[in-house]
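Listed below are the residues making up each chain.
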Amino acid sequence: MPLLLLIRHGENDYVKTGKMAGRLPGVHLNERGQKQAQALGEALTGVPIKAIYSSPLDRAQETARPIADSHKLKIMTDINLLDTDVGDWQGKSLKSLQQLKAWQIVQKAPSRFTFPGGESFLFLQQRIVNMLEGVVKKHNKPQDIVAVVFHADPIKLAVSHFLGLPLDHFQRLSCDTGSLTAIHASESGANLVKLNQRPPFEFLSQEKKHK
């Protein structure tokens, strides 16, 4: 089983505006986010990462860079790792969106929701899963470790898939900025090693010993 390191990008200031970023361009890491990215790069130095994939969005690319540099790897950008297409909700105030009846569907029955002018959670999950399954097939040796840098909801939906959790329960999982979730995955099954971990990653010392 290859080991997937699902990494959420570092902190940015757009969230402080109280608006939904979605796929807006130009959302960069703030000072704390840059420190988180650097900490990830330092914590993963020496871990034999075979490849690193990233969402095209700036905040993900900037988080992936220190990891890629420390391993002398090229970042493989994949549009299927993009954050949720929230359609007409992009850039809208969260406070105003929370007043809508649709917000309760997002929170309580996301499997039944499609963002106006955007994608459904079902489509989002399938998009992410298809990409990750492709990574598992490509890097299929037991010793392979692959880093994938993207976004909170997509990461939680991926974890839900690999663990066999109902999509409607994915909001119960946590995924902080600058965090790492590790999953051993293969065509025959999956095992959640760690969820929502911050550096240092002591559990990866065993992976180092076995390489």
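See the structure shown above.
Scoring rules and cut-offs
- Residues numbered from 1 in each chain as written.
- Predicted model: local features only at pLDDT ≥ 70, side-chain atom pairs only at ≥ 80, totals over all residues.
- Heavy atoms only, no water.
- Helix = DSSP H or I, 4+ residues; strand = E, 2+ residues; numbered from the N terminus.
- Buried < 20%, exposed > 50% of the residue type's maximum accessible area, 1.4 Å probe, protein only.
- Contact = heavy atoms within 4.5 Å.
- Areas by Shrake-Rupley, 256 points an atom, 1.4 Å probe, with all protein chains shown as cover.
- Lys, Arg positive; Asp, Glu negative; His and termini not counted.
- Charge placed at Lys NZ, Arg CZ, Asp CG, Glu CD.
- Expected span 1.5 Å × (residues − 1).
- Phe/Tyr/Trp six-rings, centres within 6.5 Å; stacked < 30°, edge-to-face > 60°.
- Salt bridge = Lys/Arg side-chain N within 4 Å of Asp/Glu carboxyl O.
- Pairing = 2+ DSSP bridges.
- Axes fitted to C-alpha atoms, helices over the stretch in contact; angles between N-to-C directions.

## Here we look at the overall build of the chain
Move 1: Assigned secondary structure in the chain consists of seven helices and six strands.
Move 2: C-alpha extents for the chain along the principal axes are approximately 50 × 40 × 25 Å.
Move 3: Scored against the burial criterion, the 211 residues of the chain give a buried share of 49%.
Move 4: In the chain, once contacts between residues fewer than 6 apart in sequence are set aside, the share between residues at least 24 apart is 69%.
Move 5: A total accessible area of about 10000 Å² is found for the chain, and carbon and sulfur atoms account for 49% of it.
Move 6: Computing the positive centroid from 27 side-chain charges and the negative centroid from 20, the chain places the two 2 Å apart.

## What about helix α5 (residues 121-138)?
Move 1: Between its terminal C-alpha atoms α5 stretches 26 Å, which fits the 26 Å expected from 18 residues at 1.5 Å a residue.
Move 2: Check the buried side of α5 and you find it contacts β1 (3-8), β2 (49-54), α4 (101-108), β4 (145-150), α6 (152-163) and β5 (180-186).

## Quick notes on the packing of aromatic side chains
Move 1: Evaluation of the coordinates by the stated rule reveals eight aromatic pairs.
Move 2: With a centroid separation of 5.0 Å and 85° between ring planes, the pair formed by Phe 113 and Phe 115 is classed as edge-to-face.
Move 3: Residue Phe 113 is classed as buried on the basis of its relative accessible area, which comes to 5%.
Move 4: Exposure remark for Phe 115: the relative accessible area of 5% places this residue in the buried category.
Move 5: Ring centres of Phe 115 and Phe 121 lie 5.3 Å apart, and the angle between their planes is 55°; on these two criteria the pair is classed as tilted. Comparing Phe 115 with Phe 121, the two get one shared label, buried.

## Things to note about the pattern of salt bridges
Move 1: Taken as a whole, this structure holds eight salt bridges when the rule is applied.
Move 2: With a shortest N-O distance of 2.8 Å, Glu 11 and Arg 32 are connected by a salt bridge. Of this pair, Glu 11 sits in the loop between β1 and α1 (31-43) while Arg 32 sits in helix α1, and the two are 21 residues apart along the sequence.
Move 3: We classify Glu 11 as buried; its relative accessible area is 17%.
Move 4: Classification of Arg 32 as partly exposed rests on a relative accessible area of 40%.
Move 5: A salt bridge links Asp 83 to Arg 59; the shortest N-O distance between them is 3.2 Å. One end of the pair, Asp 83, is in the loop between β3 (75-77) and α3 (94-97); the other, Arg 59, is in helix α2 (residues 58-71), and 24 residues separate them in sequence. Here Asp 83 matches Arg 59 in class, with each residue buried.
Move 6: Within the structure, one salt-bridge network assembled from shared partners comprises Arg 23, Glu 119 and Arg 127.

## Thoughts on the sheet that holds β3
Move 1: The six strands lie next to each other as β3-β2-β4-β1-β5-β6, forming an open sheet whose pairing is mixed. Strands with a single pairing partner mark the edges of an open sheet, and in this sheet they are β3 and β6 (189-197). Averaged over all neighbouring strand pairs, the angle between strand axes comes to 20°, with direction disregarded.
Move 2: For β1 and β4, the ladder comprises six bridges, and the chain directions are parallel. Directly across from Leu 4, in β4, lies its bridge partner Val 146.
Move 3: In this fold α2 packs onto β1, β2, β3 and β4, with an angle of close to 160° to the strand it touches most, β2.

Shape descriptors only; they carry no functional weight alone.
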